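These are the residues of each chain, in order.
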Protein chains: 2
Amino acid sequence: MIDQLVANIKKTNAPIVVGLDPMLNYVPSQILDKAMKEQGETLEAAGTAIWEYNKGIVDAVYDLIPAVKPQIAMYEQFGLPGLEAFQKTVDYCKEKGLVVIGDIKRGDIGSTSTAYANGHLGGVQIGSKKCYGFNEDFVTVNPYLGTDGVKPFVDVCKEEKKGIFVLVKTSNPSSGEFQDREIDGRPLYEIVGEYVSRWGADCVGKCGYSYVGAVVGATYPEMGKVLRKIMPKSYILVPGYGAQGGTAADLKPYFNEDGLGAIVNSSRGIICAYKQEKYAQFGEENYAEASRQAVIDMREDINANI
Amino acid sequence: MIDQLVANIKKTNAPIVVGLDPMLNYVPSQILDKAMKEQGETLEAAGTAIWEYNKGIVDAVYDLIPAVKPQIAMYEQFGLPGLEAFQKTVDYCKEKGLVVIGDIKRGDIGSTSTAYANGHLGGVQIGSKKCYGFNEDFVTVNPYLGTDGVKPFVDVCKEEKKGIFVLVKTSNPSSGEFQDREIDGRPLYEIVGEYVSRWGADCVGKCGYSYVGAVVGATYPEMGKVLRKIMPKSYILVPGYGAQGGTAADLKPYFNEDGLGAIVNSSRGIICAYKQEKYAQFGEENYAEASRQAVIDMREDINANI
């Protein structure tokens, strides 16, 4: 799947992933009102609304981008109907040829991580059949539990030709509280980075990159530079561009000299573009066209800087 | 909810939580075969089977225990039908008067953690109504992202009178890879423990304990002793007893002198008791009665040692 991701990036010339992280207040009123009229003020209506909203965006941008990253929390907040919308979104994006990165940040003790890996990347055996749950292409993984929390994901990736991105240095303001603490003179995130490099050493695809990647926030470019060197073969998923404060000028250190090695996420900046002054002329009804223009602008911004 | 948990523990005289972590190969054949006969070899059949299996166990043990801890990964592995079984299990256990600890180990950047907290402990506003998703009483939280990943859970707990257990030192063999690394001469887990203590300082219930608790594995009693002192007001959720190797003799340091302050989880040891030689006389059909006997034995074992 890392080969598919790199092929998609080359084809679109866009090292971009669109974060499908729908909040109810992002959803244009024509969609939300219709859902609530049909299903009442219910979780089901919320699920319908975010799915319709996502579909509009995907239809408008799928030919421009290699991948999407639905953040499962934004679906899980609506309980089962929300997760139904997550499943529909994953399936639809795959149909459209997009690589789907489930931003799930799971991680647990061995047998439990196996269950998560099976539910999101692999399958489960039921009687004589192998059945698939959410079936994303990549997922994000939390490393706090160490190797035996991550290894089951790597094993399922090998079998199913999927991939993961392990949290190394996250984009949020307080990420440094634990991740930056010095151990033998080096911050924890560097040590996690070394583990990522090791976990992915025998997982390199034809494209030369490993399907064990890392998450490193755009908001910490100096750290990105160091981590790029520690994990030369890992793809870096970079959140924090745009709404969280990272700029395109910050992104150069995350890429290798081949122009590959990183994929930059934008969520609000794309899916909620119609609410920005810059794209206000599209209007709420044409929110998806606003998202399309925002993707084109983001691609230009990033390609001019890397 | 911490007051409810402590009241339930006192009432049952059992500082025990039963981990409802169903694997398909734990489910007795009479239940699994029936589900597959009716629904085929499908995720739906798996969901039905684990729900029926859980219900049998809950019916047999609910009067003996204060709380249950369903591990969401074991449901998520079966996709949406699995999560439907999770929801049913949560609802049913609450009806039975049990405190439900959702073992979800979520944690993300601020706005995303808010979504998880709303989905599992609080609610979401849809039109004029507040709607609830999974609605557990407590959840487990991963601290790797620092304060702004945890604080949204604490805020929702305050509003909804719920609680969390933050991962401090997990029970698995490789938990030390990052958690034990020394920072200024002290292991990371101690530093996380200090944060837990601080996060929960103004969250103390009438019972004298905070609703910001911690997860500390039974497999590391020496560390449990230190962490007990660092977090005197935090309830400690202790996994790792039984199948993972922790014994009742290891548990004393996790409790305070009032005999409270810790709650010990057992999953396989209870829900899959009928497969142990010790309980083989019950037979597969009476798996729930075997679980009841295993709870009684566990209660005795722990109370004799703390």
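Reference entry: report on the structure contained in this document. The shown structure was predicted, so the numbers you read here are calculated from the model rather than taken from an experiment.

A separate point is the packing of helix 2 (residues 29-39) of chain A against helix 3 (residues 43-61) of chain A. The angle between the axes and the distance between the axes are what describe a pair of packed helices. Residues and elements named next belong to chain A. Two elements in contact, helix 2 and helix 3, have axes separated by 8 Å at closest approach and are oriented at 145°. You can see that helix 2 and helix 3 cross each other, and the crossing is right-handed. Taking contact as the criterion, the partners of Ile31, Leu32, Ala35, Met36 and Gln39 in helix 2 are, on helix 3, Glu44, Ala45, Thr48, Ala49, Glu52 and Tyr53. When its residues are assigned to classes, the contact of helix 2 with helix 3 shows 7 nonpolar, 2 polar and 2 charged.

All names here are of chain B. With 5 of 5 residues buried, strand 11 (residues 234-238) lies mostly within the body of the structure. Burial of strand 11 is two-sided: the residues Ser234, Ile236 and Val238 facing one way and the residues Tyr235 and Leu237 facing the other way are all buried. Pairing between strand 10 (residues 210-216) and strand 11: 3 bridges, direction parallel. The residue bridging Ser210 from the neighbouring strand is Ser234, located in strand 11. Between strand 10 and its parallel partner strand 11, the chain crosses via helix 10 (residues 221-230), and the hand of that crossover is right-handed. As paired elements, strand 11 and strand 12 (residues 262-266) share 3 bridges and run parallel to each other. Within strand 12, the residue paired with Leu237 across the bridge is Ile263.

Time to look at the layout of surface pockets. Counted as a void, the largest pocket has a volume near 550 Å³. The wall of the largest pocket is formed by 32 residues, among which Gln244 and Arg268 of chain A together with Ile109, Ser111 and Thr112 of chain B lie closest to the centre. Mapped by element, the contributors of at least two residues to the lining of the largest pocket are strand 3 (99-106), strand 12 (262-266) and helix 11 (268-271) of chain A together with helix 6 (110-120) of chain B. Top element by residues in the lining of the largest pocket is helix 6 of chain B. It accounts for 3 residues. Broken down by class, the residue content of the lining of the largest pocket amounts to 10 nonpolar, 15 polar and 7 charged. Taken as a whole, the second largest pocket encloses approximately 450 Å³ of empty space. Among the elements of the structure, helix 6 (110-120) of chain A together with strand 3 (99-106), strand 12 and helix 11 (268-271) of chain B are those that each provide at least two residues to the lining of the second largest pocket. Within the lining of the second largest pocket, the residues separate by chemical class into 10 nonpolar, 13 polar and 6 charged.

Our next topic: the interface of chain B and chain A. For an interface, size is often stated in terms of accessible area lost upon the parts coming together. The partner chain A presents 69 residues to the 69 residues of chain B that form the contact. When chain B packs against chain A, close to 5,800 Å² is buried across both sides, 62% of that on carbon and sulfur atoms. Among the residues chain B hides against chain A, the three largest losses belong to Glu41, Tyr144 and Phe178 of chain B. Together they make up 16% of the total. If you look at where chain B meets chain A, you find 4 salt bridges. Across the pair Asp108 of chain B and Lys105 of chain A runs a salt bridge, and its minimum N-O distance is 2.9 Å. Where chain B touches chain A, the interface holds 29 residue pairs in polar contact (both at pLDDT 80 or more). Per-element tally for the side of chain B that touches chain A: the top contributor is helix 6 of chain B, with 6 residues.

All names here are of chain A. As summarised here, the arrangement of the 8 strands in space is 1-2-3-6-7-10-11-12, forming a closed barrel in which the pairing is parallel. Bridge count between strand 3 and strand 6 (residues 138-141): 3 bridges; the pairing is parallel. Looking at the pairing, Arg106 lines up with Val141 of strand 6. Against the sheet, helix 9 (residues 188-199) touches strand 7 (163-169), strand 10 (210-216) and strand 11 (234-238), its axis set at about 165° to strand 7.

To continue, consider the side chain of Ser113 of chain A. Residue and element names in this part refer to chain A. Tracing the chain through its elements places Ser113 in helix 6. Given a relative accessible area of 0%, Ser113 falls into the buried group. In this structure the side chain of Ser113 is engaged in a polar contact, spanning 3.0 Å, whose partner is the backbone nitrogen of Asp108. Not counting the four nearest positions on each side in its chain, Ser113 is found in contact with Gly107, Asp108, Gly149, Pro152 and Phe153.

Turning our attention to the pattern of salt bridges. The final tally for this structure, using the stated rule, is 34 salt bridges over all chains. A salt bridge links Asp103 of chain B to Lys69 of chain B; its shortest N-O distance comes to 2.7 Å. Pair noted here: Asp103 of chain B is in strand 3 and Lys69 of chain B is in the loop between strand 2 (67-68) and helix 4 (73-76), with a separation of 34 residues, a long-range link. For the pair Asp103 of chain B and Lys69 of chain B, one class covers both residues: buried. Several salt bridges converge on common partners, so that one network encompasses Lys69, Asp103 and Lys105 of chain A together with Asp108 of chain B.

So, how was this worked out
Residues numbered from 1 in each chain as written. Chains lettered and ligands numbered in written order. Predicted model: local features only at pLDDT ≥ 70, side-chain atom pairs only at ≥ 80, totals over all residues. Heavy atoms only, no water. Axes fitted to C-alpha atoms, helices over the stretch in contact; angles between N-to-C directions. Helix = DSSP H or I, 4+ residues; strand = E, 2+ residues; numbered from the N terminus. Left-handed = near helix turned anticlockwise from the far one by under 90°. Contact = heavy atoms within 4.5 Å. Nonpolar A, V, L, I, M, F, W, Y, C, P; charged D, E, K, R; others polar. Buried < 20%, exposed > 50% of the residue type's maximum accessible area, 1.4 Å probe, protein only. Pairing = 2+ DSSP bridges. Right-handed = clockwise from strand over helix to strand, strands pointing away. 1 Å grid on protein atoms, 1.4 Å probe; cavity = no way out; pocket = protein on both sides within 12 Å on 5 of 7 lines; lining within 4 Å. Points joined across faces, edges and corners; volume = space filled by probe spheres on them. Buried area = accessible area lost by both parts, 1.4 Å probe. Salt bridge = Lys/Arg side-chain N within 4 Å of Asp/Glu carboxyl O. Polar contact = N/O pair within 3.5 Å; in protein donor to acceptor, adjacent residues only side chain to side chain.

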